[in-house]
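Summary of the model geometry
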Amino acid sequence: MKKTIAVILGLMLVLLSVTGCARPDPKYVTPEEFEVQFYPVSDEGQTFASGLTALQVVMNTPNVEMGTGEISVKRVSDGKEILKYDARMDGDHIFLNSGVNPPYAQLIIMLPEGEVFEMGETYSVTMDEKFFYVDDIDGFVGDILEGEWEFTIGNYGYDGNISEMPITYLVGDTIEIPVAVGDEAATAVLLYDNVSVVSAEQRALSENGTFKLDAVGEGNATISVMFLDENGMHVETLGFTITVK
């Protein structure tokens, strides 16, 4: 199944400014209409690019607030726990963003500093039933048991911890983006949206390597690496925003 994921480092700054939960009245959905989606979730062998640094939960109502439970992520191969957060104690790693048009709530759960979802590894997420509360259903969403939420990182993507990559540069700096290709991703293509801020000569890689961009002017630029399969079909895209001063 083809998919798109944007790992936008600047997103966290935006979420910090809007964190909170609108609690409009009347309620938006009935308990029967309430939906919740978890990302990423592997299905039928699909994988996700390395560079993913967060989990995401999306619900079809803004009437959501943090609860009192815990969430945990373990590496399946050896059982190592790489994340364990308490909704009450670890709020600095958990971001809740909501909107009313359309009504939705988006929960972003960041990996701890220094941790990264590793290439080729499968991860399992478990969650206590009281991790977050939804007014519309007058209760907690419910628990996620071992094996119900799993995903696998492919042997392609950002080759390292993307959260440790600088997002601010000076004019004249070189921006380096190490990438790996493998599995269903045969080619990596470099894209950017502001040619007055960054410039690059090499725009595609068919093997592991590093994209290098020159910071040529002040401003902001969104840089993306798009992964294509052997037939040139889109597999996944990793994107982030940088500032040049």
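Residues numbered from 1 in each chain as written. Predicted model: local features only at pLDDT ≥ 70, side-chain atom pairs only at ≥ 80, totals over all residues. Heavy atoms only, no water.

**Some thoughts on the pairing of strand 19 (residues 219–228)**
Test applied: Whether two strands pair depends on DSSP finding at least two bridges between them. Secondary structure is summarised from DSSP: a helix means a run of H or I of at least four residues, a strand means a run of E of at least two, and numbering begins at the N terminus for each.
In terms of strand pairing, strand 15 (residues 187–192) meets strand 19 through six bridges, oriented antiparallel. Pairing of Thr187 across the sheet is with Leu228, part of strand 19. The pairing of strand 19 with strand 20 (residues 234–244) spans 10 bridges and is classified as antiparallel. Its bridge partner lying in strand 20, Phe227 is registered against Glu236. As consecutive antiparallel partners, strand 19 and strand 20 are separated by five residues, and within that stretch Gly232 has a phi angle of approximately 80°, a positive value.

**Considerations on the packing of aromatic side chains**
Operational definition: Only rings of Phe, Tyr and Trp enter the pairing, Trp through its six-membered ring, and a pair is recorded when the two centres are within 6.5 Å. The plane angle decides the type: under 30 degrees is stacked, over 60 is edge-to-face, the rest tilted. Exposure categories follow from relative accessible area, calculated using a 1.4 Å probe and restricted to protein chains: below 20% of the type maximum is buried, above 50% is exposed, and the middle band is partly exposed.
Inspection of the entire model under this criterion finds eight aromatic pairs. Centroid distance Tyr39 to Phe48: 5.4 Å. Interplanar angle 85°. Geometry classified as edge-to-face. The exposure class assigned to Phe48 is buried, which follows from its relative accessible area of 1%. Relative to Phe151, the ring of Phe117 has its centre 5.0 Å away and its plane inclined at 90°; by these criteria the two rings are edge-to-face. Here the residue Phe117 occupies a position in the loop between strand 8 (103–110) and strand 9 (122–127), and Phe151 occupies one in strand 12 (residues 144–158), the gap between them amounting to 34 residues. Across the pair, exposure class does not vary: Phe117 and Phe151 are buried alike.

**Looking at the pairing of strand 18 (residues 209–215)**
Looking at chain direction, strand 14 (residues 174–180) and strand 18 are connected through six bridges and run antiparallel. Note that in strand 18 the partner of Thr174 across the bridge is Asp214. The pairing of strand 16 (residues 198–199) with strand 18 spans two bridges and is classified as antiparallel. Within strand 18, the position partnered with Val198 by the bridge is Ala215.

**Focus: the confidence of the model for the protein**
Stated precisely, the cut-off is as follows: On a scale of 0 to 100, pLDDT captures the predictor's confidence in every residue. Contacts are residue-level and defined by heavy atoms, with any inter-residue pair within 4.5 Å sufficient.
Mean pLDDT over the protein: 87, with 89% of residues reaching 70 or higher. Considering only residues more than four positions removed or in separate chains, one finds that residues 1–24, a stretch of pLDDT under 50, has 67 contacts.

**Observations regarding the pattern of salt bridges**
Rule in force here: Any carboxyl oxygen of Asp or Glu that lies within 4 Å of a side-chain nitrogen of Lys or Arg is treated as forming a salt bridge with it.
Inspection of every chain in the model, using the stated rule, returns four salt bridges. Of the charged contacts, one joins Arg75 and Glu118 as a salt bridge, the two residues approaching to 2.6 Å between their closest N and O atoms. Placement of the pair is Arg75 in strand 5 (residues 70–75) and Glu118 in the loop between strand 8 and strand 9, with a sequence separation of 43 residues. The partner of Asp86 in a salt bridge is Arg88, and the shortest N-O contact between them spans 3.2 Å. Under the relative-accessibility criterion, Asp86 is labelled buried at 11%. Judged by relative accessible area, which is 56%, Arg88 ranks as exposed. It is possible to trace a salt-bridge network through shared partners that takes in Arg75, Asp78 and Glu118.

**What about the environment of Leu145?**
Residue position: Leu145 is located in strand 12. A relative accessible area of 46% means that Leu145 is categorised as partly exposed. Here the alpha-carbon distance between Leu145 and Met127, two residues 18 residues apart in the chain, equals 6.9 Å. Those residues in contact with Leu145 that sit more than four places away from it in its chain are Val125 and Thr126.

**Describing the sheet that holds strand 10 (residues 132–134)**
Within the open sheet, the three strands sit side by side as 4-10-11. Their pairing is antiparallel. Here the strands that pair on one side only, and so sit at the sheet edges, are strand 4 (64–66) and strand 11 (139–140). In terms of strand pairing, strand 10 meets strand 11 through two bridges, oriented antiparallel. Paired with Val134 across the strands is Gly139, a residue of strand 11.

**A short note on the nonpolar core**
Using the following cut-off: Nonpolar cores are built from buried Ala, Val, Leu, Ile, Met, Phe, Trp, Tyr and Cys residues. Side-chain atoms within 4.5 Å join them into one set.
With 31 residues, the main nonpolar core has Leu55, Ile71, Ile109, Phe117, Phe131, Phe132 and Phe151 as its most contacted residues. Within the residue set of this core, elements represented by two or more residues are strand 3 (54–59), strand 5, strand 6 (81–86), strand 7 (94–100), strand 8, strand 9, strand 10 and strand 12. With four residues, strand 12 is the single largest residue contributor to this core. Once you skip the residues sitting within four places of it in the chain, Phe151 turns out to touch Pro40, Val41, Ser42, Phe48, Leu52, Leu55, Phe117, Glu121, Thr122, Tyr123 and Val125. Of all hydrophobic cores here, the second largest spans 30 residues; its members include Leu190, Val225, Val235 and Val244.

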